[in-house]
Amino acid sequence: MDTEYKHKLGSPLFKKSKAVIVLSGGMDSSTLLYDLIQKWEMFPISFNYKQRHKIELEYAKKTAKKLGLVHKVIDISNVNQVMEGSSLTRKDIEVPEGHYEEENMKLTVVPNRNMIMLSIATAYAVSIDARTVFFGAHAGDHAVYPDCRQDFIDKLTQVTQIANYVPVKIKAPYINLTKGQIAAIGKTLKVDYSLTHTCYKGQIIACGKCGACQERLEAFQFAKHIDPLKYVSKIKLEKKHETLRQEN
């Protein structure tokens, strides 16, 4: 663990409660982990659901290791066969390019994904006597992903409060923040973004064209922060007209 984190976590002023976080390996959940670790005893959990971009799991492992945390990676790849219709779980469906708000980005919706992962994360929380499960949903997800909306979180929390003898709350602290605002928080927290990966195409060198890449690039530009991820090509957000320009 880095000395700066060890110093903060070792302070007698901090009496931390346990919490589980769904850590994808992307910038949102990684930033949230850095944010929460200041006050919580964190237990990150990640999922292999045979996603096209499972390279992100290697980055989740690296972030957890850097922070000195016990990290669980759960193999639910068999579930892939009943998660049809998504470009993230089917190789014969091309990952759409463009901004998240575009209609074709619905092809990246994985049926019931967050319900499944948060349910397992809740079981993990119960087993370690943690009362909270965090995940990194943010404002940019609302347009495309129903399971990243406040209504979903509220309803699921009602269930996780009564599903076990140990009541568990589901929380998404960044639900009303844009990715740019998250990047700004990460800049302040000195998040090591070289240990995060975002591209939905799962390329080692990110494509720069899928919705995930575009939103990440916009976020770093908004935060005036350097993105250490390498891209095949990059887009820029025009400040004056807020339109995208492709740079090859």
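Throughout, residues of each chain are indexed from 1 in the direction in which the sequence is written. It should be noted that, the model being predicted, local features are given only for residues of pLDDT at least 70 and side-chain atom pairs only at 80 or more, the latter also being counted only at that level, while totals for whole chains, interfaces and linings use all residues. Neither water nor hydrogens contribute to the side-chain values; these are computed over all heavy atoms in the structure.

1. Quick notes on the pairing of strand 3 (residues 72-75)
For clarity, the threshold we go by: Should DSSP find at least two bridges between two strands, the strands are taken to pair. Only DSSP runs of H or I with at least four residues qualify as helices, and only runs of E with at least two residues qualify as strands; both kinds are numbered from the N terminus onward. If you view a crossover with the strands going away from you and the path from the first strand over the helix to the second runs clockwise, you call it right-handed.
Sheet analysis places strand 2 (residues 40-48) next to strand 3, joined by four bridges and oriented parallel. When the sheet's bridge partners are listed, Asn48 is paired in strand 3 with Asp75. A crossover links strand 2 with its parallel partner strand 3, the connecting element being helix 3 (residues 55-66), and its sense is right-handed.

2. Digging into the pattern of salt bridges
Applied cut-off: Here a salt bridge means any side-chain nitrogen of Lys or Arg lying within 4 Å of a carboxyl oxygen belonging to Asp or Glu. Categorising residues by exposure relies on relative accessible area from a 1.4 Å probe, with only protein chains included: less than 20% of the type maximum marks a residue as buried, more than 50% marks it as exposed, and the intermediate range marks it as partly exposed.
Counted according to the given criterion, the structure contains seven salt bridges. With a shortest N-O distance of 2.6 Å, Lys179 and Asp28 are connected by a salt bridge. Here Asp28 lies in helix 2 (residues 27-36) and Lys179 lies in helix 6 (residues 179-189), a separation of 151 residues in the sequence. Among the salt bridges present, the one from Lys66 reaches Asp192, with a minimum N-O distance of 3.9 Å. Of the two residues, Lys66 is situated in helix 3 and Asp192 in the loop between helix 6 and helix 7 (211-223); the sequence distance between them amounts to 126 residues. On the accessibility criterion, Lys66 (22% relative accessible area) is partly exposed.

3. Concerning the side chain of Gln38
Operational definition: Whenever a nitrogen or oxygen atom comes within 3.5 Å of another N or O atom, the pair is scored as a polar contact, on the condition that within protein one atom can donate a hydrogen and the other can accept it, and that pairs from neighbouring residues in sequence are kept only if both atoms are in side chains.
The residue Gln38 is located in the loop between helix 2 and strand 2 in this model. With relative accessibility at 18%, the residue Gln38 sits in the buried group. Within polar-contact distance, the side chain of Gln38 engages the backbone oxygen of Tyr34 at 3.2 Å.

4. Notes on the packing of helix 4 (residues 113-127) against helix 5 (residues 150-160)
The cut-off we apply is this: Lines fitted to C-alpha atoms define the axes, with helix axes restricted to the stretch in contact, and inter-axis angles between N-to-C directions lie between 0 and 180 degrees. Should the near helix be turned anticlockwise from the far one by less than a right angle, the crossing is termed left-handed; should it be turned clockwise, right-handed. Should any heavy atoms of two residues lie within 4.5 Å, those residues are considered in contact. For this classification, the nonpolar set comprises Ala, Val, Leu, Ile, Met, Phe, Trp, Tyr, Cys and Pro, the charged set comprises Asp, Glu, Lys and Arg, and every other residue, Gly included, is treated as polar.
Where helix 4 meets helix 5, the closest approach of the two axes is 12 Å, and the angle between their N-to-C directions is 35°. Crossing of helix 4 against helix 5: the hand is right-handed. On helix 5, the residues that touch Asn114, Met115, Leu118 and Thr122 of helix 4 are Phe152, Leu156 and Thr160. Partitioning the contact of helix 4 with helix 5 into residue classes produces four nonpolar, three polar and no charged.

5. Things to note about unusual backbone geometry
One non-glycine residue, Asn112, adopts positive backbone phi at about 60°. Mapped onto the elements, Asn112 comes out in the loop between strand 3 and helix 4. Phi angles above zero are rare outside glycine, and Asp129 is one such case at about 60°. Given a relative accessible area of 46%, Asp129 falls into the partly exposed group.

6. Some thoughts on the sheet that holds strand 5 (residues 169-171)
A sheet is described by the order of its strands in space; here five strands give the open sequence 3-2-1-4-5, paired in parallel fashion. Of all the strands in the sheet, the pair left with one neighbour each is strand 3 and strand 5. Sheet twist, expressed as the average angle between the axes of neighbouring strands with direction ignored, equals 25°. Where strand 4 (residues 132-134) lies against strand 5, three bridges are found, and the strand directions are parallel. Paired with Thr132 across the bridge in strand 5 is Lys169. Packed on one face of the sheet, helix 2 meets strand 1 (17-22), strand 2 and strand 4 and runs near 170° to strand 1.

7. Quick notes on a nonpolar patch on the surface
Selection rule: Each patch is assembled from residues with relative accessible area greater than 30% and no salt bridge, linking like charges that lie within 9 Å and nonpolar side chains (Val, Leu, Ile, Met, Phe, Trp, Tyr) that lie within 5 Å. Per-residue and other accessible areas were derived by the Shrake-Rupley procedure at a 1.4 Å probe size, with only the shown protein chains allowed to occlude residues.
A cluster of nonpolar side chains, contributed by Ile204, Ile205 and Val232, occupies part of the molecular surface with about 320 Å² of accessible area. Secondary-structure assignment places Ile205 in the loop between helix 6 and helix 7.

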